[in-house]
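Each chain, letter by letter, is given below.
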Amino acid sequence: AARRGPVKPGGFAVWWNRIDTSGPDPLACIELSRPLDPAKSYADYVLVSPDLGAPPAVSVKGSELCVAGLGFTDRRVTLLKGLPGQGKDVLAANADVDFTFGEKPPFVGFAGEGVILPRQDADGVAIETINVSKLKIEVWRVVDRNLVRKSISAPDPTGEGDWPSDYGDDSAEGEGVEVWKGVVAVRGEAGQRATTVFPLGAVLKEMKPGAYVIKARDASGRGDDDDDSDNTPPAQARRWIVFTDMALSAYEGSQALDVVVRSLQSARTLSGVRVVLMARNGETLAETKSDGQGRVRFDRPLLDGEGAADAKMVMAYGAEGD
């Protein structure tokens, strides 16, 4: 039987605490026995020792209060008497909570939030790691017609010991094909963040219309790197990438959808580019070419389909497989 958790105290008081290491910087989180009010300034009721040299970054969700910016240094977080909850709840006395981090857990994530990788000027995809010496990398390609069934996104990294949510609309599974896999060495000092640039363009044998999903996971040998369910899942992350020299700007109005195609390298508009409006089921609703100002227009009735005929995506097909 599962062990009984900490007994929930009566009244408004500290219940339990945890350390969230799913991101590159840890969060010290304290659960209270009753809900908090996110509209209130909780930083005024939090002291951190040793002192951070600046006010603590405090966030609340439900009944949990989390403090960021502590690094991986052992700290004591004190919630001060009078800390308010919802309604008339207030903390009756100071409450000290000690957080011990120990060694930094392995971390794997992608730099930034974007999914567009400029084909001409970018060196590659930047992967950030902490306490990782090797990365196992997979590259999957999803062809253009299948993208209407996917959500091109930048999912959050998965910490060591957690199972990745590699399924659903933002996964390459079911629609994608693995086009490359290998192991990449990471150079960095223990406990410090390292950045490794993965050269996507160098590993692709040919450019085809579509998008890519890059999966990176810790292959240093601490946990499971062969999907053995008896072992601990390693730190890992995945990121959708559109590898192109084109950028689209869309303006939707009452009469039409206007789209402008530009070059990422020069920022100039591109004329003569084939642009397609696609429905949710992958059917082509309309197709045209950009004019001398790089613009195309799709009339309003094309956007008002229902069900499978609903407009889902605009795709532009340029030179060199963009």
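Up top you'll find the structure we're talking about.
Fair warning: this is a prediction, and the values are worked out from it, not measured in the lab.

Quick notes on the overall build of the protein
- Within the protein, the regular secondary structure consists of one helix and 21 strands.
- Dimensions of the protein, computed from the C-alpha atoms along their principal axes, are close to 70 × 50 × 45 Å.
- Within the protein, the proportion of its 322 residues that are buried is 39%.
- When contacts within the protein are restricted to residue pairs at least 6 apart in sequence, those whose partners lie at least 24 apart make up 67%.
- Here the protein has roughly 17100 Å² of accessible surface; of this, 46% comes from carbon and sulfur atoms.

A short note on the sheet that holds strand β5 (residues 64-68)
- With antiparallel pairing, four strands are arranged side by side in an open sheet as β1-β2-β5-β4. Among the strands making up the open sheet, the edge pair consists of β1 (14-20) and β4 (57-61). The average undirected angle you get between the axes of adjacent strands in this sheet is 20°.

Thoughts on the pattern of salt bridges
- Within this structure, the stated rule accounts for 15 salt bridges.
- Between R149 and E175 there is a salt bridge, with the nearest N and O atoms lying 3.6 Å from each other. Residue R149 is located in the loop between β11 (134-143) and β12 (177-185), and its partner E175 is located in the loop between β11 and β12; the two are separated by 26 residues in the primary sequence.
- R149 gets classed as partly exposed once you look at its relative accessible area, which sits at 39%.
- One salt-bridge network, held together by shared partners, links R18, D20 and E64.

What counts as what
Residues numbered from 1 in each chain as written. Predicted model: local features only at pLDDT ≥ 70, side-chain atom pairs only at ≥ 80, totals over all residues. Heavy atoms only, no water. Helix = DSSP H or I, 4+ residues; strand = E, 2+ residues; numbered from the N terminus. Buried < 20%, exposed > 50% of the residue type's maximum accessible area, 1.4 Å probe, protein only. Contact = heavy atoms within 4.5 Å. Areas by Shrake-Rupley, 256 points an atom, 1.4 Å probe, with all protein chains shown as cover. Pairing = 2+ DSSP bridges. Axes fitted to C-alpha atoms, helices over the stretch in contact; angles between N-to-C directions. Salt bridge = Lys/Arg side-chain N within 4 Å of Asp/Glu carboxyl O.

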